[in-house]
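# Overview (structure and organization)
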Amino acid sequence: MAINLDILKAQYLQHDTSTQIERLAANLAQIKALAQTGMEEQLAQELIRESQFLIEWAVPSLNLETKLELATELVELQRQLSRWKLHWSTLWSNSNDRLQIAKHAKEWSDRLLTFSGLLAS
């Protein structure tokens, strides 16, 4: 999955915050599904990196007076994604660790969808 980051960024930033957050939640849902099956390791890694970019692009445009909680959540998610990336080969090779990734990715996806208004809190 080779992506042109300039095009992705331009398209991503054209959307409102809710749509941006929904895109990030969709990436996490895909990571969850891949981790559950243990297939497509490279794709899962690419989705993690893409998600990191999405967060980097979304946070600066947030109004911290009204979206501070969301910004804080995104920073924490960025930290989680970085931890996964740092230990990726070890985590992916262990089925229990992959199931933990799947569990956490679902939790993060649900939290983000709550912020975007698609899930009730």
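In this section: the overall build of the protein chain. Regarding its fold elements, the protein chain presents six helices and zero strands. Each helix (α) and strand (β) of the protein chain, taken in turn from the N terminus, gives the series α-α-α-α-α-α. Expected size for 121 residues packed as a compact globule is a radius of gyration near 14 Å; at 14 Å, the protein chain falls within 12% of this value. Summarising its shape, the C-alpha atoms of the protein chain cover approximately 40 × 35 × 20 Å along the three principal directions. Taking all 121 residues of the protein chain together, 37% fall into the buried category. For the protein chain, long-range pairs separated by at least 24 residues make up 68% of all intrachain contacts whose partners lie at least 6 apart in sequence. Accessible surface, the protein chain as shown: approximately 6900 Å² in total, 52% of it carbon and sulfur. Of the charged side chains in the protein chain, 12 are positive and 15 negative, and the gap between their average positions amounts to 3 Å.

Between its first and last C-alpha atoms helix 4 (residues 64–86) spans 29 Å; for 23 residues at 1.5 Å apiece the expected length is 33 Å, and the helix comes up short by more than 12%. For helix 4, every residue scored as buried is listed here: L70, A71, E73, L74, L77, Q78, Q80, L81 and W84. Contact partners of the buried residues in helix 4: helix 2 (17–37), helix 3 (41–58), helix 5 (88–93) and helix 6 (95–116). Its side-chain oxygen 2.8 Å from the backbone nitrogen of E65, N63 forms the N-cap of helix 4.

Below, the discussion takes up the nonpolar core. Ranked by size, the top nonpolar core spans 33 residues in total, and within it L74, L77, W84 and L112 carry the most contacts. Elements that contribute at least two residues to this core include exactly helix 1 (5–13), helix 2, helix 3, helix 4, helix 5 and helix 6. Top element by residues in this core is helix 3. It accounts for eight residues. For L74, the residues in contact, after removing those within four places along its chain, are I21, L24, I55, V59, L62 and L112.

On to the packing of aromatic side chains, then. Counting across every chain of the model gives three aromatic pairs. Ring pairs connect the aromatic residues Y12, F53 and W57, which therefore count as one cluster. The ring of F53 has R49 sitting right over it, with the charged end atom 4.0 Å from the ring centre. Across the ring face of W92, the terminal group of R98 is positioned such that the distance to the ring centre comes to 5.7 Å.

Here E40, not a glycine, exhibits a phi torsion of approximately 60°, which is positive. With respect to the element layout, E40 can be found in the loop between helix 2 and helix 3.

Right, let's get into the packing of helix 3 against helix 4. Contact geometry of helix 3 with helix 4 gives a least axis separation of 10 Å together with a crossing angle of 155°. Of the possible angle classes, the one that applies to helix 3 and helix 4 is roughly antiparallel. Between helix 3 and helix 4 lies a crossing whose hand is left-handed. Between helix 3 and helix 4, the residues in contact are I48, R49, S51, Q52, I55 and E56 and L74, L77, Q78, L81, S82, W84 and K85, respectively. A breakdown of the residues in the contact of helix 3 with helix 4 according to their chemical character gives six nonpolar, four polar and three charged.

Parameters and conventions
Residues numbered from 1 in each chain as written. Predicted model: local features only at pLDDT ≥ 70, side-chain atom pairs only at ≥ 80, totals over all residues. Heavy atoms only, no water. Helix = DSSP H or I, 4+ residues; strand = E, 2+ residues; numbered from the N terminus. Rg over C-alpha atoms; globule rule 2.2 N^0.38 Å. Buried < 20%, exposed > 50% of the residue type's maximum accessible area, 1.4 Å probe, protein only. Contact = heavy atoms within 4.5 Å. Areas by Shrake-Rupley, 256 points an atom, 1.4 Å probe, with all protein chains shown as cover. Lys, Arg positive; Asp, Glu negative; His and termini not counted. Charge placed at Lys NZ, Arg CZ, Asp CG, Glu CD. Expected span 1.5 Å × (residues − 1). Polar contact = N/O pair within 3.5 Å; in protein donor to acceptor, adjacent residues only side chain to side chain. Core = buried A, V, L, I, M, F, W, Y, C linked by side-chain atoms within 4.5 Å. Phe/Tyr/Trp six-rings, centres within 6.5 Å; stacked < 30°, edge-to-face > 60°. Lys NZ or Arg CZ within 6 Å of the ring centre and 35° of its normal. Axes fitted to C-alpha atoms, helices over the stretch in contact; angles between N-to-C directions. Parallel < 35°, antiparallel > 145°, perpendicular 65-115°, else oblique. Left-handed = near helix turned anticlockwise from the far one by under 90°. Nonpolar A, V, L, I, M, F, W, Y, C, P; charged D, E, K, R; others polar.

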